[in-house]
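# Architecture and fold: a report
Residues per chain, in single letters:
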Amino acid sequence: MAVMTKQTGVTPSNGHKQCSFRSSVLRTPFNRVLLWTCTACFFWPGDSFAGEAVLPQGKDQAAIESSYFPDRVHEFVWRNWNAVAPAKLAKLLGASVQDIIAMAESMGLPPVDTIPPEMRTRGYITLIRRNWHLLPYEQLLELLEMTPERLAFMLREEDFLWIKLGSLKPKCEPLRYRAPDEAARRRAAEIRLVVEKDFGKEICSPGEPRFAFVRQLSKPLGVFSPPKPCEHPPVSLRFVYSYLAVYGDPLLNPKLDPYPDGFLERLASVGVNGVWLHVVLRDLAPGGSAFPEFGIGHKQRLANLRALVQRAKRYGVGVYLYMNEPRAMPESFFKNRPEMRGVRDGEFTALCTSHPAVRQWMEDALAHVFREVPDLGGVYAITASENLTNCASHGGWRSCERCKARTDTDIIAEVGAVLEAGVHRGNPKANVILSDWGWKHHGDAVDIITRLPKSVWLMSVSEWNLPIERGGIKTKVGEYAISAVGPGPRALQHWKAATQAGIKPAAEIQFNNTCEVASIPHLPVMDLVAEHIHNLVPSKLEGMLIGWTMGGHPSPNFELAKRLNQTPAPNVETVLDALAQERFGPEGAPHARKAWTLASNAYRQYPFHISVVYTSPVQWGPANPLYPSKTGYRATMWGIPYDDLDRWRGPYPPDVFATQFEKMVQEWNPGIAELRLAVKKTPPNRRKEVQADLRFAEAAAIHFQAVANQSRFVIARDALAKDPKTLSPEQRRHFQAEIKRCLESEIALARQLWTLVREDSRIGFEPSCHYFYLPLDLVEKVVNCRWLLKHFGE
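The text that follows walks through the structure, step by step, so that each part is easy to find. Note that the structure is predicted; figures quoted are calculated from it, not measured.

What counts as what
- Residues numbered from 1 in each chain as written.
- Predicted model: local features only at pLDDT ≥ 70, side-chain atom pairs only at ≥ 80, totals over all residues.
- Heavy atoms only, no water.
- Helix = DSSP H or I, 4+ residues; strand = E, 2+ residues; numbered from the N terminus.
- Rg over C-alpha atoms; globule rule 2.2 N^0.38 Å.
- Buried < 20%, exposed > 50% of the residue type's maximum accessible area, 1.4 Å probe, protein only.
- Contact = heavy atoms within 4.5 Å.
- Areas by Shrake-Rupley, 256 points an atom, 1.4 Å probe, with all protein chains shown as cover.
- Lys, Arg positive; Asp, Glu negative; His and termini not counted.
- Charge placed at Lys NZ, Arg CZ, Asp CG, Glu CD.
- Core = buried A, V, L, I, M, F, W, Y, C linked by side-chain atoms within 4.5 Å.
- Salt bridge = Lys/Arg side-chain N within 4 Å of Asp/Glu carboxyl O.
- Pairing = 2+ DSSP bridges.
- Axes fitted to C-alpha atoms, helices over the stretch in contact; angles between N-to-C directions.

### Considerations on the overall build of the chain
When helices and strands are counted, the chain shows 25 helices and 17 strands. Here the chain has a C-alpha radius of gyration of 26 Å; the compact-globule value for 794 residues is 28 Å, and the two agree. Taking the principal axes of the C-alpha coordinates as reference, the chain spans close to 75 × 65 × 60 Å. Across the 794 residues in the chain, those meeting the buried criterion constitute 63%. Pairs at least 24 residues apart make up 79% of the contacts formed inside the chain by residues separated by at least 6 positions. When the accessible area of the chain is evaluated, it comes to approximately 28600 Å², of which 54% is carbon and sulfur surface. With 96 positive and 85 negative side-chain charges, the chain shows a separation of 1 Å between the mean positions of the two kinds.

This is the structure we're talking about:
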């Protein structure tokens, strides 16, 4: 039964976006993951759903219990240790603080440490995920110090969080403390022995606090000298999203500033000259007579936006507004304006852009924003995103009375024209960048491009539709992919059409990381980055979006892109050599160059597919637990992988899938050896920075090997679970040996990664998912595997 609670008719901050819980959000082959992808609305007084918040339940399915813990209370204490204060854990369980500390000590957990305050503001998704199978909603709300309304809102609107959690809340009985019985005490003692044996006294030594990178990247560099720009750079704009981003409404709450000065300095120093910020247009401008309810708080938001724009300008960085407009509204919004009602999708209805009043409001609102904040760099708009906007944005325009006689080309081109007219009425110098994402269901959209205003830019994902073959399996790229070097056929076709139409072409491309492994800030695959940039030269691009929600960390990869952005195009090998020399010194540079090439070649083996990058344990590495039997849970999109090998692998057969990750590691590890030599020979004053490069490379290899291990474990486990008559004695011995090998490898990997993550708080983090794992999750994995070794008869 869903949890329900009454709410007064209060309108939440307009900066929050709301989405219906609907399976169709995953209907496209490329599901654009972003911080605010859900259908936008805000509650209106009088709405039928404004007076209650419903915490969704989904399918009725029992929570997973981890058998290697004495009981669920011990598991809860472990999972939240040094992530939530012991006093809060005690209150929730009905125990004393000493009871909780004693339970932690009985399992060998380290002493109580200071809880980073950012865990509540930047890590709450981590807390939700790690307690999803442990606490019922009532206790989860208590742990998070959150109202039901706020949690319901969060699950609905924050980057598909409900879908990331599997679109169901596991059934959990309330947790209550009781003194451990003899069996529980005995098992806790066994866990303590495992911790002591595998981690020793090091378990008690403090590592770098989680979120330490926020303070490190926010700290000003000192005296800032803007980098000297190329006199005529071929790519004039390189813009990214913030690695320090947080949910909420930063223009209404400046404390949520995603672009502190130190971070802007660091971005500018590696050639980034633009940043993007998500906004909802109705929050930034009054709605006039047509929409008097729009614009609440817009003056304060614009004042804060002006301040951000001026700060960024000091570092040569322009601010771009990311938009999906006009945003859909609840059906009740159209009660007194039925003539503006467009197509309906779930709980929400489009503001029909075929109605002149809607187009006029959009144009006037944009003109107002760009007139009030004259130094804005421009707007970056996706007009067919997962957010329902115009009636053609989700392909259903024929169900709209005004749009059914038109084509999707008519509608989308018209929206582009309105965006251009409004922005340039406010500031003729601002850039209007339109993405072709979603146009014509990601197909040929040349007819739209040729009807766009000549002053806009046309942006396309570079590697889209690129044919690849991995392990003998042919497929196509349908997401950002560094492992597959573009450009692909769709982008080339669209850029050519744009150029012929007098429109500036631009690319969406990633240089640091992608969903292939987003929990590591950047990868040492410089040859792949350089090759992709070199391949783009003939297209004469005007701009590049080089950081979606992941990939916005200042990096040597960005520095490489900056150095290759010259006229005439420099020699790629010369630039790579020079960068290695500057970063690693003359003795370390040759080894760094070898490392980059080896890692790049290894990465080409990545078994790319949308299912692999979204549902496999590649983001978790060895932190993903293993199970003695099938859990019955489906892997979720960028949430919890469970043991769902069939979903992890996409089109790849199980053995091919595991083999491809093993091939990557086999070819990647020699690169790590070279990188270790490079770091060792780097001058002392530069060594700290390049040691991070090495940690990231080592962490990546661990993640890749863990995917292979876990895949082969599931294959062997499921084979042994079949009717014994179907396996010969030799086959049974083979699978038993395979399980033992995988578990022992996972133990070693978890131990290695534990050391790395304690040295660097960035490993395991991604801005829209927060921490996929914390250091103690890797200790738990060792406990998990030791228990499984006994379970399967070590």
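The rest of the description comes next.
### Describing the nonpolar core
With 275 residues, the main nonpolar core has Tyr603, Trp668 and Phe704 as its most contacted residues. The element best represented in this core is helix α23 (residues 684-720), accounting for 18 residues.

### Some details on the pattern of salt bridges
Counting across every chain of the model gives 53 salt bridges. Between Glu689 and Arg583 there is a salt bridge, with its nearest N and O atoms 3.2 Å apart. Here Glu689, found in helix α23, pairs with Arg583, found in helix α19 (residues 572-603); they are 106 residues apart in sequence, far enough to count as distant. Measuring nitrogen to oxygen at the nearest pair gives 2.6 Å for the salt bridge that ties Lys740 to Glu744. Taken together, the positions of Lys740 and Glu744, both in helix α24 (residues 729-759) and 4 residues apart, correspond to about one turn of that helix.

### Focus: the environment of Leu789
Within the fold, Leu789 resides in helix α25 (residues 775-791). Owing to a relative accessible area of 3%, Leu789 belongs among the buried residues under this scheme. In sequence terms Leu789 and Ile739 are 50 residues apart; their C-alpha atoms lie 8.1 Å from each other.

### As for unusual backbone geometry
Backbone geometry follows two general trends: most residues other than glycine have a negative phi, and most peptide bonds adopt the trans configuration. The omega torsion of the bond from Glu325 to Pro326 falls at -5°, within 30 degrees of zero and hence cis. One can find Pro326 in the loop between β5 (318-323) and β6 (329-330). Following Thr567, the chain continues into Pro568 via a peptide bond in cis, with omega recorded as -5°. Relative to the elements of secondary structure, Pro568 occurs in the loop between α18 (556-564) and α19. A positive phi angle, near 55°, is found at Lys440, a position not held by glycine. When you line up the elements, Lys440 lands in the loop between β10 (431-435) and α15 (446-449).

### As for the sheet that holds strand β4 (residues 274-278)
A barrel is described by the order of its strands in space; here 8 strands give the closed sequence β3-β4-β5-β9-β10-β11-β14-β15, paired in parallel fashion. In this sheet, neighbouring strand axes are inclined to one another by 25° on average, regardless of whether the strands run parallel or antiparallel. In this sheet, strand β9 (residues 378-382) lies alongside β5 in parallel orientation, the contact comprising 4 bridges. The residue bridging Tyr322 from the neighbouring strand is Tyr380, located in β9.

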